[in-house]
Amino acid sequence: MIGTILQAVFYLLVPAAALWLEKRVRVVALMGSVALCFIIGFAIGNTPGVPVDSQLALDLSTASVALAIPLLLFSLDFRGWLRQAPQTLLAFLWVVVAVCAATAIALPMFADRVADSAKVAGMLVGVYTGGTPNL
């Protein structure tokens with residue numbers, strides 16, 4: 001129980017500390033707070049003998065995403081987007097349509113050859129339309 005609480009505190013304080021360090025330490029500012037968090041996460045996760053509650057990490061990251069998406073959308077100026085970059089939005093729309101069409105065509109072709117081909121198709125759509133985090 002105490003270990004889980006300490007890990008939760010660690011998971012919440014490391015990004016805050018990375019942001020604080022980014023403003024005060026030149027090396028951290030050059031690499032960025034996100035890279036520092038990845039390095040710390042890799043180091044802790046691969047250190048033998050350090051127990052990591054992966055379910056807690058998954059729950060916290062899920063909650064973070066669920067909190068971050070509305071916060072990002074609150075500041076969205078959709079009308080401003082339409083005025084400033086209509087061609088970019090149209091290009092993105094065509095990319096989404098193309099990826100969905102390619103997936104709809106490829107899924108039946110590879111359904112017999114690839115196990116869980118529907119899941120693979122869903123992952124490909126996520127990667128092509130939003131990048132690796134959507135995978």
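Refer to the structure above for everything that follows.
To start, this report covers the structure provided alongside it. (Residues numbered from 1 in each chain as written. Predicted model: local features only at pLDDT ≥ 70, side-chain atom pairs only at ≥ 80, totals over all residues. Heavy atoms only, no water.)

**With respect to the overall build of the chain**
Thinking step 1. Looking only at helices and strands, one finds seven helices and zero strands in the chain.
Thinking step 2. Helices (α) and strands (β) of the chain occur, in sequence order from the N terminus, as α-α-α-α-α-α-α.
Thinking step 3. The C-alpha radius of gyration of the chain comes to 20 Å, more than 25% above the 14 Å expected for a compact globule of 135 residues.
Thinking step 4. Its C-alpha atoms put the chain at 50 × 45 × 30 Å along the principal axes.
Thinking step 5. Here the chain holds 135 residues, and the buried ones make up 11% of them.
Thinking step 6. Summed over all atoms, the accessible surface of the chain reaches about 10,600 Å², with 73% contributed by carbon and sulfur.
Thinking step 7. Looking at charge distribution, the chain has the averaged site of its 7 positive side-chain charges lying 14 Å from that of its 6 negative ones. (Helix = DSSP H or I, 4+ residues; strand = E, 2+ residues; numbered from the N terminus. Rg over C-alpha atoms; globule rule 2.2 N^0.38 Å. Buried < 20%, exposed > 50% of the residue type's maximum accessible area, 1.4 Å probe, protein only. Areas by Shrake-Rupley, 256 points an atom, 1.4 Å probe, with all protein chains shown as cover. Lys, Arg positive; Asp, Glu negative; His and termini not counted. Charge placed at Lys NZ, Arg CZ, Asp CG, Glu CD.)

**What to know about the environment of Val34**
Thinking step 1. Structurally, Val34 is set in helix H3 (residues 33–45).
Thinking step 2. For the pair Val34 and Ala101, spaced 67 residues apart in sequence, the C-alpha to C-alpha distance is 34 Å.

**Observations regarding helix H7 (residues 117–130)**
Thinking step 1. Given a rise of 1.5 Å per residue, 14 residues ought to cover 20 Å, and the 20 Å separating the end C-alpha atoms of H7 matches this to within 8%.
Thinking step 2. Buried within H7 we find Ser117, Ala121 and Gly126.
Thinking step 3. On its buried face, H7 sits against helix H6 (86–110).
Thinking step 4. The positive-phi residue at the C-terminal boundary of H7 is Gly131, with phi of around 95°. (Expected span 1.5 Å × (residues − 1). Contact = heavy atoms within 4.5 Å.)

**Section: the packing of aromatic side chains**
Thinking step 1. With the rule as written, the count across this model stands at two aromatic pairs.
Thinking step 2. A centroid spacing of 6.1 Å and a plane angle of 35° characterise the contact between Phe38 and Phe42, whose relative ring orientation is tilted. Of this pair, Phe38 and Phe42 both sit in helix H3, separated by four residues, roughly a single helical turn. For the pair Phe38 and Phe42, a shared accessibility class is recorded, and that class is exposed. (Phe/Tyr/Trp six-rings, centres within 6.5 Å; stacked < 30°, edge-to-face > 60°.)

**Considering a nonpolar patch on the surface**
Thinking step 1. Judged by side-chain polarity, Ile105, Met109, Phe110, Val114, Val120, Met123, Leu124 and Tyr128 come together as a nonpolar surface patch covering roughly 710 Å² of accessible area.
Thinking step 2. The set of elements that each furnish at least two residues to the nonpolar patch consists of H6 and H7.
Thinking step 3. Tallying contributions element by element places H7 first for the nonpolar patch, with four residues.
Thinking step 4. Structurally, Met123 is set in helix H7.
Thinking step 5. In this structure Met123 comes out as partly exposed when scored by relative accessible area, which is 36%. (Patch = residues over 30% accessible without salt bridge, like charges linked within 9 Å, V, L, I, M, F, W, Y side chains within 5 Å. Salt bridge = Lys/Arg side-chain N within 4 Å of Asp/Glu carboxyl O.)

**Structural notes on the packing of helix H1 (residues 2–24) against H3**
Two measures define how a pair of helices packs: the angle their axes make with one another and the distance between the axes.
Thinking step 1. Running from N to C, H1 and H3 point in directions that differ by 140°, and their axes come no closer than 9 Å. The pairing of H1 with H3 is recorded here as oblique in orientation. Where H1 crosses over H3, the two elements pack in a sense that is right-handed. The segment H1 lies against H3, with Phe10, Val14, Pro15, Ala18, Leu19, Leu21 and Glu22 engaging Ser33, Leu36, Cys37, Ile40 and Ile44.
Thinking step 2. Partitioned by chemical class, the residues of the contact of H1 with H3 number ten nonpolar, one polar and one charged. (Axes fitted to C-alpha atoms, helices over the stretch in contact; angles between N-to-C directions. Parallel < 35°, antiparallel > 145°, perpendicular 65-115°, else oblique. Left-handed = near helix turned anticlockwise from the far one by under 90°. Nonpolar A, V, L, I, M, F, W, Y, C, P; charged D, E, K, R; others polar.)

**So, the environment of Leu36**
Thinking step 1. Along the chain, Leu36 turns up in helix H3.
Thinking step 2. The class for Leu36 is buried, based on a relative accessible area of 13%.
Thinking step 3. With near-sequence residues (within four places) excluded, Leu36 lies in contact with Ala18, Leu21, Val28 and Met31.

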